[in-house]
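Single-letter residue listing:
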Amino acid sequence: MADLSPALKQATPVIAARGEGVHIYDEDDRRFLDFTAGIGVTSTGHCHPKVVAAAQEQVATLIHGQYTTVMHRPLLRLTERLGEVLPEGLDRLFYVNSGSEAVEAALRLARQATGRQNAIVFQGSFHGRTMGAASLTTSGTKIRAGIGPLVPGVVVSPFPYAYRLGMSEADAVAHALRELDYQFATVTSPKDTAAVFIEPVLGEGGYVPAPDTFLQGLRERADQHGFLLVADEVQTGFGRTGTFWGHEPSGIRPDIVITAKGLASGFPLSAIAAPSAIMDKAWPGSQGGTYGGNAVACAGALATLDVIQEEGLVENSARQGERLQQGLAKIAESHPAIGDVRGRGLMRACEFVKADGSPDGDTAQRAQRAAAENGLLLLTCGPAGNVVRFIPPLIVDADQVDSALELWASSVEEVA
């Protein structure tokens, strides 16, 4: 009798039977507030009627048209639509299935476009589990352990994680940029550096926003030294942070943007975008794939864009995210076990610490499990598993945020 791999660990005990909006229902029809959104995937909520209708219509006409064999209209329309929301000048797209695949494609493109080999990432980064993406990932050794040697040419530099460093944000940024410059002087010559990869908000690394001044410092160095700045927007894109792209508040323009997760409301689809001058340097045959740009996934992405724009979900993300932040901060005031509350838009987190300030993964995970028992689905992250993250669908309303906060307050009270 076959069974799932024991390496797969379930964050909650729920067996989902159906989903509707911000809720998941189990096989006993118990309703849960889903503040995981499939790890930030179901941006328009579970089974949004417009997304469902678009997928149903597409399934009945063309399920799969392999895009290096034949072209199909949903892919062409999606490319046009993404041109309306991508940063100015990023006018060429390549589609694959997952965030990891898109990261691999971005790394390949950066090396081919620059003729350089090295890539810089930041401590706590998560870029995926496939071999090249795992080589760029430092959110936890569980991603990298037991599979070495990893892809060479990856340099890890400090991230301005002010809370962990015990610094002000300004001091943390200055420290991180100084250390990056030290890497250029000691480890990777700028002339050997193809790209810097950055998450606008650390994902698995603990939901830590990259300060605008840090992103601006990266842009300055990329311009100075001629390497590419790659924004990994797999989790932060499509309104998750209260702006359409997570890097927007900094005012910078990346050279390559990676997107996935919220792009198609649950259908597997990812992409990289770059200017023609960069994408034209991809070597022949270096881009392709059997399932990339699947017709049904593209139809889902087109409907997702419609819903985001028609329902003002980017603005809602900013508005409800601030409401969530204020509520989480108020709960933390009564519980010293929660050392920090942070995030952007509807990407928020509570970091649990012991009395001495060290990570408290045990309490965080007990609070997350208690929340599930109380009807609120959450996830943990961070190298020590001591950060509980809140990632509701972008359609969440004020009453649902308040309900989640009540459930979270009760759950924290039970364990802390």
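Look up a bit, the structure's there.
Predicted model only: the values in this text are computed from it and were never measured.

Chemist: Looking at this structure, I do not really get the packing of helix H12 (residues 313–333) against helix H14 (residues 398–415). What am I missing?
Modeler: Two packed helices can be described by the angle between their axes and the distance between those axes. Contact pair H12 / H14: the axes reach a minimum separation of 10 Å and the direction vectors enclose 20°. Of the possible angle classes, the one that applies to H12 and H14 is roughly parallel. Every pair of crossing elements has a handedness; the one defined by H12 and H14 is right-handed. Between H12, through Gln-320, Arg-323, Leu-324, Gly-327, Leu-328 and Ile-331, and H14, the contact on the second element is made entirely by Ala-398, Val-401, Asp-402, Leu-405, Trp-408 and Ala-409. Partitioned by chemical class, the residues of the contact of H12 with H14 number eight nonpolar, two polar and two charged.

Chemist: I would appreciate a short explanation of the sheet that holds strand S4 (residues 92–96) in the present structure.
Modeler: Strand pairs in the sheet, formed through backbone hydrogen bonds, run parallel or antiparallel to each other. Strand order in the open sheet made by the seven strands is S4-S10-S9-S8-S7-S5-S6, with mixed pairing throughout. If you trace the sheet from one side to the other, it starts and ends with S4 and strand S6 (154–157), each paired once. Strand-to-strand twist in this sheet, taken as the mean axis angle between neighbours without regard to direction, amounts to 20°. In the sheet, strand S5 (residues 118–122) pairs with strand S7 (residues 193–198) via three bridges, with the strands oriented parallel. Looking at the pairing, Ala-119 lines up with Ala-195 of S7. Contacting S5, S6 and S7, helix H8 (residues 169–186) crosses the sheet at an angle of about 150° to S6. Of the strands in this sheet, S5, S7 and strand S8 (228–233) are in contact with helix H9 (residues 212–225), which crosses S7 at around 170°.

Chemist: Can you help me understand the packing of helix H3 (residues 73–85) against helix H11 (residues 295–310) in this one?
Modeler: Across the interface, H3 lies against H11 with an axial gap of 9 Å and an inter-helix angle of 35°. As H3 packs across H11, the resulting crossing turns out to be left-handed. Residues Pro-74, Leu-75, Arg-77, Leu-78, Arg-81, Leu-82 and Val-85 of H3 form the contact with H11, whose own contacting residues are Ala-295, Cys-298, Ala-299, Ala-301, Leu-302, Leu-305, Asp-306 and Gln-309. Within the contact of H3 with H11, the residues separate by chemical class into eleven nonpolar, one polar and three charged.

Chemist: Got a minute to help me understand H9 in this structure?
Modeler: Since the α-helix advances by 3.6 residues per turn, residues separated by three or four positions end up pointing in the same direction. Taking 1.5 Å as the rise per residue, H9 with 14 residues should run 20 Å; its terminal C-alpha atoms sit 20 Å apart, in good agreement. When H9 is considered as a whole, its buried residues turn out to be Phe-214, Leu-215, Gly-217, Leu-218, Arg-219, Arg-221 and Ala-222. On the buried face of H9, the contacting elements are S5, H8, S7 and S8. Immediately beyond the C-terminal end of H9, within one or two residues, lies Gly-226, with a positive phi of roughly 80°.

Chemist: What is the right way to read the side chain of Arg-116 from this model?
Modeler: Here Arg-116 lies in the loop between helix H4 (99–114) and S5. The side chain of Arg-116 is buried and forms no salt bridge, while Asp-192, the nearest opposite charge, is found at 7.0 Å. At a separation of 3.4 Å, a polar atom in the side chain of Arg-116 contacts the main-chain carbonyl oxygen of Lys-191. Setting aside chain neighbours within four positions, we find Arg-116 in contact with Arg-111, Pro-190, Lys-191, Asp-192, Thr-193, Ala-194, His-225, Gly-226 and Phe-227.

Thresholds applied
- Residues numbered from 1 in each chain as written.
- Predicted model: local features only at pLDDT ≥ 70, side-chain atom pairs only at ≥ 80, totals over all residues.
- Heavy atoms only, no water.
- Axes fitted to C-alpha atoms, helices over the stretch in contact; angles between N-to-C directions.
- Helix = DSSP H or I, 4+ residues; strand = E, 2+ residues; numbered from the N terminus.
- Parallel < 35°, antiparallel > 145°, perpendicular 65-115°, else oblique.
- Left-handed = near helix turned anticlockwise from the far one by under 90°.
- Contact = heavy atoms within 4.5 Å.
- Nonpolar A, V, L, I, M, F, W, Y, C, P; charged D, E, K, R; others polar.
- Pairing = 2+ DSSP bridges.
- Expected span 1.5 Å × (residues − 1).
- Buried < 20%, exposed > 50% of the residue type's maximum accessible area, 1.4 Å probe, protein only.
- Lys, Arg positive; Asp, Glu negative; His and termini not counted.
- Salt bridge = Lys/Arg side-chain N within 4 Å of Asp/Glu carboxyl O.
- Polar contact = N/O pair within 3.5 Å; in protein donor to acceptor, adjacent residues only side chain to side chain.

Fair warning: the whole summary comes from geometry, so function is off the table for now.
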